[in-house]
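Descriptive analysis of the structure
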Amino acid sequence: MEQLLVVASQFPTVIYSVLLGIVIVYWIVGLLGFIDLDFSGDIELDIDSDVDVSVGGLTGLLLTFGLTGVPFTLVISIIILICWLISFYLQFYLLTWLPDGWLYYFIGTVSDFLIFVLSLPITAIAIRPLKGMFNSVETVTSRHLVGKEAIIATGSVNEIFGQARLFNEGAEILVDVRCDPQHVLKLGDKVLVVEYLEENHAYIVAPYVQ
């Protein structure tokens, strides 16, 4: 464990260690219901919805490697995890033997860039089995869910934040939800889906009255 921390805290691995730490905190906080885990941010879907968007930068790079069909946050998380793993073992087996100095930092900087590029096709292979699952989620993100019961999955729900779980055709799915200010909804509350907000890929919910 001590050796792992030593390697992870050395340059250049420390850069990906920090990013991986941010990713872990993001998912923990999201799973605890304190933030909205965005599962609607598929790169391909976003571009299809606005054909005038100029594709470039990180988005264009991800499209080039086929990193679509899976939520953007999940793709970025997997890229960072793969980068950290490659960087860790590169640090452990090779970079450790280099003498400290400008050559070490130059090779470390170059390796970080090459590791990121290498991680893209590896991530594309890793997310391939997941694409069908998220496509299924997207197909049910429509008005067909209006009228169904759901359970709040986040600590609270308001006009701009919230998620709920519901069953559709035997499968439990997680959807983004919103509610009017007069309603106070919390984790575990049963609600009724009353409206679909197509522009936000979210649903208006109200307290379920039996």
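Remember, predicted model here, so these are calculated numbers, not experimental data.

**Points about a negative patch on the surface**
Taken together, the side chains of Glu159, Asp180, Glu195 and Glu199 make up a negatively charged region of the molecular surface. Summarising the element assignment, Glu159 is placed in the loop between β2 (156-157) and β3 (163-168). Of the residues examined, Glu159 reaches a relative accessible area of 55% and is grouped as exposed.

**Topic: the environment of Thr109**
In this structure, Thr109 sits in helix α6 (residues 102-127). By relative accessible area, which is 47% here, Thr109 ends up partly exposed. Residues Thr109 and Phe11, 98 residues apart in the sequence, show an inter-C-alpha distance of 8.7 Å. Looking at Thr109, its side chain comes within polar contact range of the main-chain oxygen of Tyr105, at 2.8 Å.

**Things to note about the pattern of salt bridges**
A complete count under the given rule lists two salt bridges for this structure. Between Lys190 and Glu149 there is a salt bridge, with the nearest N and O atoms lying 3.9 Å from each other. One end of the pair, Lys190, is in strand β6 (residues 190-197); the other, Glu149, is in strand β1 (residues 149-152), with 41 residues separating them in the sequence. Judged by its relative accessible area of 34%, Lys190 falls in the partly exposed class. Note that Asp189 and Lys186 form a salt bridge whose closest N and O atoms lie 3.4 Å from each other.

**A word on the environment of Ile107**
Tracing the backbone shows Ile107 in helix α6. Each C-alpha atom, one on Ile107 and one on Leu95, is 8.4 Å from the other, the two residues being twelve residues apart in sequence. With residues near it in sequence (within four places) discarded, Ile107 still touches Leu95 and Leu98.

**Comments concerning the UniProt feature "transmembrane region" (unreviewed entry) in the chain**
Here the UniProt feature "transmembrane region" (unreviewed entry) sits at residues 14-37, 58-90 and 102-127. Summarising residues 102-127: 100% helix, 0% strand, and an end-to-end C-alpha distance of 37 Å.

**Quick word on the packing of helix α2 (residues 13-31) against helix α5 (residues 72-93)**
Running from amino to carboxyl end, α2 crosses α5 at an angle of 145°, the nearest separation of the two axes being 9 Å. Judged by the sense of rotation from one axis to the other, the crossing of α2 with α5 is left-handed. Here Thr13, Tyr16, Ser17, Leu19, Leu20, Val23, Tyr26 and Trp27 of α2 lie close against α5, whose contacting residues are Thr73, Leu74, Ser77, Ile80, Leu81, Cys83, Trp84, Ser87, Phe88 and Gln91. Of the residues contributing to the contact of α2 with α5, the split by class is twelve nonpolar, six polar and no charged.

**A few points about the packing of aromatic side chains**
The tally for this structure, following the rule as stated, stands at nine aromatic pairs. Considering the side-chain rings of Phe88 and Tyr89, the 5.4 Å spacing of their centres and the 85° angle between planes classify their relative orientation as edge-to-face. With relative accessibility at 10%, the residue Phe88 sits in the buried group. Ring centres of Tyr196 and Tyr203 lie 4.9 Å apart, and the angle between their planes is 40°; this geometry places the pair in the tilted category. For the pair Tyr196 and Tyr203, a shared accessibility class is recorded, and that class is buried. Three or more aromatic residues link up through ring pairs in this structure, and these residues are Trp84, Phe88, Tyr89, Phe92 and Tyr93.

**Observations regarding α2**
Taking 1.5 Å per residue, 19 residues should reach 27 Å; α2 reaches 27 Å between its end C-alpha atoms and fits that length. Among the residues of α2, those classed as buried are Thr13, Tyr16, Ser17, Leu20, Val23, Trp27 and Gly30. With its buried residues spanning 155° around the axis, α2 presents them on a single face. Along its buried surface, α2 packs onto α1 (2-8), α5 and α6. Looking at the residues trailing α2, positive phi occurs at Gly33, about 90°.

Conventions and cut-offs
Residues numbered from 1 in each chain as written. Predicted model: local features only at pLDDT ≥ 70, side-chain atom pairs only at ≥ 80, totals over all residues. Heavy atoms only, no water. Patch = residues over 30% accessible without salt bridge, like charges linked within 9 Å, V, L, I, M, F, W, Y side chains within 5 Å. Areas by Shrake-Rupley, 256 points an atom, 1.4 Å probe, with all protein chains shown as cover. Salt bridge = Lys/Arg side-chain N within 4 Å of Asp/Glu carboxyl O. Lys, Arg positive; Asp, Glu negative; His and termini not counted. Charge placed at Lys NZ, Arg CZ, Asp CG, Glu CD. Helix = DSSP H or I, 4+ residues; strand = E, 2+ residues; numbered from the N terminus. Buried < 20%, exposed > 50% of the residue type's maximum accessible area, 1.4 Å probe, protein only. Polar contact = N/O pair within 3.5 Å; in protein donor to acceptor, adjacent residues only side chain to side chain. Contact = heavy atoms within 4.5 Å. UniProt positions renumbered as here; feature names shortened; annotations may be inferred. Axes fitted to C-alpha atoms, helices over the stretch in contact; angles between N-to-C directions. Left-handed = near helix turned anticlockwise from the far one by under 90°. Nonpolar A, V, L, I, M, F, W, Y, C, P; charged D, E, K, R; others polar. Phe/Tyr/Trp six-rings, centres within 6.5 Å; stacked < 30°, edge-to-face > 60°. Expected span 1.5 Å × (residues − 1). Arc of directions from axis to C-beta.

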